[in-house]
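Tertiary structure, described
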Amino acid sequence: AWLWPYGETIRKCARSWSSAIRLMEDYPELVFVASQAQQYEWVKQNYPALYSQVKARASEGRFIPVGGTWVEMDGNLPSGESFVRQFLIGQRFFKAEFGSYCEEFWLPDTFGYSAQLPQVMKSAGIRHFLTQKLSWNLTNKFPHSTFYWEGIDGSRCLVHFPPADTYGSDASVHDVHKSETNMKDKGRSSQSLLLYGYGDGGGGPTEDMLERLKRMRNVEGLPKF
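Residues numbered from 1 in each chain as written. Predicted model: local features only at pLDDT ≥ 70, side-chain atom pairs only at ≥ 80, totals over all residues. Heavy atoms only, no water.

As for its position among the elements, Val31 is in the loop between α1 (6-26) and β1 (32-34). On the basis of relative accessibility, which here comes to 43%, the residue Val31 falls in the partly exposed class. Along the backbone, Val31 and Ile21 are 10 residues apart, and their C-alpha atoms lie at a distance of 9.7 Å. Residues in contact with Val31, not counting those within four places in the same chain, are Gly61, Arg62 and Ile64. (Helix = DSSP H or I, 4+ residues; strand = E, 2+ residues; numbered from the N terminus. Buried < 20%, exposed > 50% of the residue type's maximum accessible area, 1.4 Å probe, protein only. Contact = heavy atoms within 4.5 Å.)

The structure is reproduced here in structure tokens:
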């Protein structure tokens, strides 16, 4: 929770996820991802009917649990033991509730990363890592959007920084276009992610965003998606 009461975080989960479930009825192409096992546990306990719908959509591949951890934790200060327990308890939950482990670590909103994370991720069955904030550095611009990160022990994972430089896009023409123009690994990679939807305040994607994206398909000068 950030800048609002603890209980409001639980209500934000319910509002965001129920909105996404409703939008799936009108937009069959919509696929929604959500991280943090704690959020799923809250919805399961407080909104069981909604949780049943989440599980139904998850079985269709349209509501995708990501991250593998209990919460999106800080990436600098926790000990190795703390990182391990995040994945241990998170992955155990996702396996029990959804029948599979997450293969991607989802941590867009942290200001740094421990060098031991690739080793911890590998031990938890994680193959990919999505993050964002390092790309916001105004002094030392990071030179890649998609690359392999090698940890202290030689463990490697494939990392992606969405080139639109945001994890709360409003699906604007500007952000879609920036996803192509700011892609730093052209020639080695031809794909990137655009993370759209309201985040901090909750809400997720909206109908306006989805309609904008529909209108931008196959538009000259914009990337294909």
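With 25 residues, the main nonpolar core has Trp17, Tyr40, Val54 and Phe63 as its most contacted residues. The dominant element in this core, judged by the number of residues it contributes, is α1, at eight residues. Once residues within four sequence positions are removed from consideration, Trp17 is found in contact with Phe32, Ala34, Gln39, Tyr40, Val43, Leu50, Val54 and Phe63. The next biggest cluster of nonpolar side chains, apart from the first, holds 17 residues, and it includes Met73, Leu117, Trp149 and Phe161. (Core = buried A, V, L, I, M, F, W, Y, C linked by side-chain atoms within 4.5 Å.)

Along the polypeptide, Ser172 turns up in the loop between β6 (156-160) and α6 (173-181). Among the polar contacts listed, one links the side chain of Ser172 to the backbone nitrogen of Asp175, at a separation of 3.2 Å. The contact partners of Ser172, leaving out residues within four places of it in the chain, are Arg212 and Met216. (Polar contact = N/O pair within 3.5 Å; in protein donor to acceptor, adjacent residues only side chain to side chain.)

The phi torsion of most residues other than glycine is negative, and most of the peptide bonds are trans. Despite not being glycine, Gln36 has its phi angle at roughly 75°, a positive value. The residue Gln36 is located in the loop between β1 and α2 (37-46) in this model. On the basis of relative accessible area, Gln36 is assigned to the buried category, the value being 18%. We note that Asn218 has phi near 55°; this positive angle belongs to a residue other than glycine. In this structure, Asn218 sits in the segment after α7 (207-215). A residue is classified by how much of its surface remains accessible, and Asn218, at 63% relative accessible area, is exposed.

The next thing to look at is the side chain of Asp165. Mapped onto the secondary structure, Asp165 falls in the loop between β6 and α6. The class for Asp165 is buried, based on a relative accessible area of 18%. In this structure the side chain of Asp165 is engaged in a polar contact, spanning 3.2 Å, whose partner is the side chain of Ser135. Within the local environment of Asp165, its side chain forms a polar contact with the side chain of Asn182, the two groups lying 3.3 Å apart. Excluding its chain neighbours within four sequence positions, the residues that come into contact with Asp165 are Gln132, Ser135, Trp136, Lys178 and Asn182.

Applying the stated criterion across every chain, the model contains 15 salt bridges. Between Arg15 and Glu8 there is a salt bridge; the shortest N-O distance is 2.6 Å. Residue Glu97 is joined to Lys55 by a salt bridge in which the shortest nitrogen-to-oxygen separation is 3.5 Å. You can see Glu97 sitting in helix α4 (residues 80-98) and its partner Lys55 sitting in helix α3 (residues 48-59), a full 42 residues away along the chain. A residue is classified by how much of its surface remains accessible, and Glu97, at 16% relative accessible area, is buried. Salt bridges here are not isolated pairs; linked through shared partners, they connect Glu8, Arg11 and Arg15. (Salt bridge = Lys/Arg side-chain N within 4 Å of Asp/Glu carboxyl O.)

Two strands pair when backbone bridges link them, and strand β4 (residues 128-130) and β6 are joined in this way by three bridges, in the parallel orientation. Residue pairing across strands places Leu130 opposite His160, the latter belonging to β6. In terms of strand pairing, strand β5 (residues 146-150) meets β6 through five bridges, oriented antiparallel. Looking at the pairing, Trp149 lines up with Cys157 of β6. As consecutive antiparallel partners, β5 and β6 are separated by five residues, and within that stretch Gly154 has a phi angle of approximately 95°, a positive value. (Pairing = 2+ DSSP bridges.)

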